Amino acid sequence: MVVFCFLVDQKRQVRRSKPAAGICSRCGGGASVADMKTATRFCYVPFYWKSWRAIICTFCGAILRSYR
Ligand SMILES: [Zn+2]
């Protein structure tokens, strides 16, 4: 019997960040420029990585702006 797996998910990771000007529109927390890394996984096996930069909230983690 063959079991097919169609589970695809993405794992987001902040590699490093530094404070930036601006505040979060959601919670009012401080913003920071972060180097992000997204791993796309298929059946829990990563097969694609993407590095990108974004401005995120240091308090709630919301993405305020992204540069792709
Ligand atoms: Zn926030």
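The structure we're discussing is the one just above.
Residues numbered from 1 in each chain as written. Predicted model: local features only at pLDDT ≥ 70, side-chain atom pairs only at ≥ 80, totals over all residues.

Describe the overall build of the protein chain, and please don't skip the residues or the numbers.
A tally of regular secondary structure across the protein chain gives zero helices and four strands. Ordering the α and β elements of the protein chain from the N terminus gives β-β-β-β. Computed over C-alpha atoms, the radius of gyration of the protein chain comes to 15 Å, more than 25% over the 11 Å expected from 2.2 N^0.38 for 68 residues, which places it beyond the range of a compact globule. In terms of its C-alpha atoms, the protein chain occupies a principal-axis envelope of roughly 55 × 20 × 15 Å. Taking as baseline every contact in the protein chain between residues at least 6 positions apart, the subset at least 24 positions apart corresponds to 43%. (Helix = DSSP H or I, 4+ residues; strand = E, 2+ residues; numbered from the N terminus. Rg over C-alpha atoms; globule rule 2.2 N^0.38 Å. Contact = placed C-beta atoms within 7 Å.)

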